[in-house]
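# Residue-level structural notes
Below are the chains, spelled out letter by letter.
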Amino acid sequence: MLILLKNLFSKLKIKSKILIIAGSDSSGGAGIQADIKSVTSLGSYAMTAITAVTVQNTTGVKSIIPMPSIEISNQIEFTSKDIKPDSVKIGMLHSTQVINSVLKSIKKSKLKKIVLDPVMVAKGGAKLIDNKAISVLKKKLIKKVDLITPNIPEAEILTKIKIKSMLDMKNAAQILLNLGAKNVLIKGGHLSSKTLKDIFVNKKETAIFTNKKIKTKNTHGTGCTLSTAIATYYGCGKSLKKSCELGIRYVNNAIRTRPNFGKGSGPINHLNSFIIEKKFR
Ligand code: PXL
């Protein structure tokens, strides 16, 4: 009996502690809400620093209310001083001032294992970052994180090249490495091909993850969810490459089992991994 209980308790043990620095999405499909659900669903503990509050539903963004930079820093520093994050996911950073505050707090709090999703536009087309901030993200922040996870439009803006093929994706990844990125995952979902290919690159290795493309309008929050899932696996001790592989699998299952909520681009199923152990094999 005692052994059985011990076994159960060890299965219920929280795997890691993840700090999420991102914006709130009132519709619950993207942003901090998607992030908390993903971390939780993968058996870990989510902490947050909210950068902005967006008013939106599946049909679009109605308004964006930024948090003061000092309060973003306070959330990061005060939270991590008490509970040390095993990894960090960074999402929506709308202004230069916010990026600079986040950079300062990362350094001050000695945060490690950082995954950056360079969020630029929401599904409906609303801009979530201003142009000057994109340049600061490219010049300063990219170098300070362990992985950057742009989709094709974001990679095009960061590298200033057009991406129409896998070769273009490889070139873009190389440019990002030359800009100082340590590891890059470019997501190929925006290319019009039957299979979906994501490419992981660092100075030593390249990996291509191939999956069947699932036809659906319900892809709201896929980018947020993927970067957070990767940060979670990374925080649990997996390598970055393995974390990307497992994160992509998690998002794929979430898209496959999407609930079909809302009239627009609906959310995915963050709870697809309730048999947590299976996801770590
Ligand atoms: O998926 C990008 C994204 C990031 N962060 C917030 C969002 C969105 C998209 O809607 O709302 C807060």
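This one's a predicted model, so the numbers in the text were calculated from it and none came from an experiment. Throughout this document, residue positions are counted from 1 along each chain, in the order its sequence is written. Under the rules for a predicted model, residues below a pLDDT of 70 receive no local features and side-chain atom pairs below 80 are neither given nor counted, while totals for whole chains, interfaces and linings still include all residues. Side-chain numbers come from the whole structure's heavy atoms, not from hydrogens or water.

Turning to the overall build of the protein, a few remarks are in order. Going along the chain from the N terminus, every DSSP run of H or I of four or more residues is numbered as a helix, and every run of E of two or more is numbered as a strand. Broken down by element type, the protein carries nine helices and nine strands. Our radius of gyration is a C-alpha quantity, and the globule rule it is checked against amounts to 2.2 Å times the number of residues to the power 0.38. In terms of overall dimensions, the protein is globule-like: its C-alpha atoms have a radius of gyration of 18 Å, near the 19 Å expected for 281 residues. Taking the principal axes of the C-alpha coordinates as reference, the protein spans close to 60 × 45 × 45 Å. Going through the 281 residues of the protein one by one, you find that 52% of them count as buried. Contact criterion: two residues are considered in contact whenever any of their non-hydrogen atoms come within 4.5 Å of each other. Considering only intrachain contacts with a sequence separation of at least 6, the fraction spanning at least 24 residues in the protein is 69%. For every residue, the accessible area (1.4 Å probe, protein chains only) is compared with the maximum for its type, and the residue is labelled buried under 20%, exposed over 50%, or partly exposed between those bounds.

The subject of this paragraph is the packing of aromatic side chains. Planes of paired rings set the category: under 30 degrees apart is stacked, over 60 is edge-to-face and the rest tilted, where pairs are Phe, Tyr or Trp rings (Trp by its six-membered ring) whose centres lie within 6.5 Å. A full pass over the atoms with the stated rule returns zero aromatic pairs. Criterion for a charge above a ring: Lys NZ or Arg CZ within 6 Å of the ring centre, and within 35 degrees of the ring normal. When the ring centre of tyrosine 234 is taken as reference, the NZ or CZ atom of lysine 113 above it lies at 4.9 Å.

Turning to the nonpolar core, a few remarks are in order. As a rule of thumb, nonpolar side chains are buried together in soluble globular proteins. If you look at the biggest cluster of nonpolar residues, it comprises 43 residues, and the most contacted ones within it are Ile21, Ile90, Val102 and Ile186. Dropping the residues within four chain positions of it, isoleucine 21 is found in contact with Ala49, Thr51, Ile76, Val88, Lys89, Ile90, Gly91, Leu93 and Val102. Note on terminology: a nonpolar core comprises buried Ala, Val, Leu, Ile, Met, Phe, Trp, Tyr and Cys residues joined through side-chain atoms within 4.5 Å. Formed by 27 residues, the second largest nonpolar core is a distinct cluster that contains Ile32, Leu185, Tyr233 and Ile248.

Attention now moves to helix α4 (residues 96-108). One less than the number of residues in a helix, times 1.5 Å, gives the span that helix is expected to have. In this model α4 runs 18 Å from its N-terminal to its C-terminal C-alpha over 13 residues, within 8% of the 18 Å that 1.5 Å per residue would give. For α4, the complete set of buried residues consists of Thr96, Val98, Ile99, Ser101, Val102, Leu103, Ser105 and Ile106. For α4, the elements touching its buried residues are β1 (17-25), α3 (69-82), β4 (87-90), β5 (114-116) and α5 (131-144).

Moving on, we get to the site of the ligand. In the vicinity of the ligand lie 13 residues, with Gly23, Gln56, Ala122, His220 and Cys224 positioned nearest. Using a 1.4 Å probe, accessible areas were evaluated by the Shrake-Rupley method; residue-level cover was limited to the displayed protein chains. In the complex, 92% of the free accessible area of the ligand, which totals 310 Å², lies under the protein chains. Counting only elements with at least two residues in the shell around the ligand, the list comes to β1 and β2 (45-57). By residue number, the principal contributor to the shell around the ligand is β1, which donates three residues. Only Asp, Glu, Lys and Arg are considered charged, only Ala, Val, Leu, Ile, Met, Phe, Trp, Tyr, Cys and Pro nonpolar, and every remaining residue, Gly among them, polar. Among the residues forming the shell around the ligand, the class breakdown is six nonpolar, six polar and one charged. Any residue with a non-hydrogen atom lying within 4 Å of a molecule or strand is treated as near it.

Our focus in this paragraph is the environment of glycine 31. Counting through the fold element by element, glycine 31 comes out in helix α2 (residues 31-41). Counting along the chain gives 16 residues from glycine 31 to methionine 47, while the straight-line C-alpha distance between them is 13 Å.

Here α4 crosses α5 at 15°, and the two axes come no closer than 9 Å. The orientation of α4 with respect to α5, classified from their angle, is roughly parallel. As for the relative orientation of α4 and α5, their crossing is left-handed in sense. Here Thr96, Ile99, Asn100 and Leu103 of α4 come into contact with α5, specifically with Lys132, Ala133, Val136, Leu137, Lys140, Leu141 and Lys144. Classifying every residue of the contact of α4 with α5 by side-chain character gives six nonpolar, two polar and three charged. Axes, fitted as lines to C-alpha atoms, cover a helix only where it is in contact. Angles between the N-to-C directions of the axes lie from 0 to 180 degrees. Any angle between 65 and 115 degrees counts as roughly perpendicular, while under 35 counts as roughly parallel, over 145 as roughly antiparallel, and the rest as oblique. Left-handed describes a crossing whose near helix is turned anticlockwise from the far helix through less than a right angle; right-handed describes the clockwise counterpart.

This part covers a positive patch on the surface. To count toward a patch, a residue needs a relative accessible area over 30% and no salt bridge; like charges are then connected within 9 Å, while nonpolar side chains (Val, Leu, Ile, Met, Phe, Trp, Tyr) are connected within 5 Å. By definition, a salt bridge exists where a carboxyl oxygen of Asp or Glu is found within 4 Å of a side-chain nitrogen of Lys or Arg. For the purpose of charge, His is not counted, nor are the chain termini; Lys and Arg are scored as positive and Asp and Glu as negative. Charge positions come from single atoms, namely NZ of Lys, CZ of Arg, CG of Asp or CD of Glu. Judged by side-chain charge, Lys107, Lys143, Lys144 and Lys182 come together as a positively charged surface patch. Locating lysine 182 in the fold gives a position in the loop between α7 (166-178) and β7 (183-186). Lysine 182 sits in the partly exposed class, given a relative accessible area of 40%.

Taken N-terminus to C-terminus, the directions of helix α8 (residues 222-235) and helix α9 (residues 240-256) make an angle of 140°; their axes are 8 Å apart at the nearest point. By the angle class used here, α8 and α9 are oblique. In this structure, α8 crosses over α9, and the sense of that crossing is right-handed. Contact with α8, carried on its side by Thr222, Thr225, Leu226, Ala229, Ile230, Tyr233 and Tyr234, involves Leu240, Ser243, Cys244, Leu246, Gly247, Ile248, Tyr250, Val251 and Ile255 of α9 and no other residues of that element. Here the contact of α8 with α9 is composed, by residue class, of twelve nonpolar, four polar and no charged.

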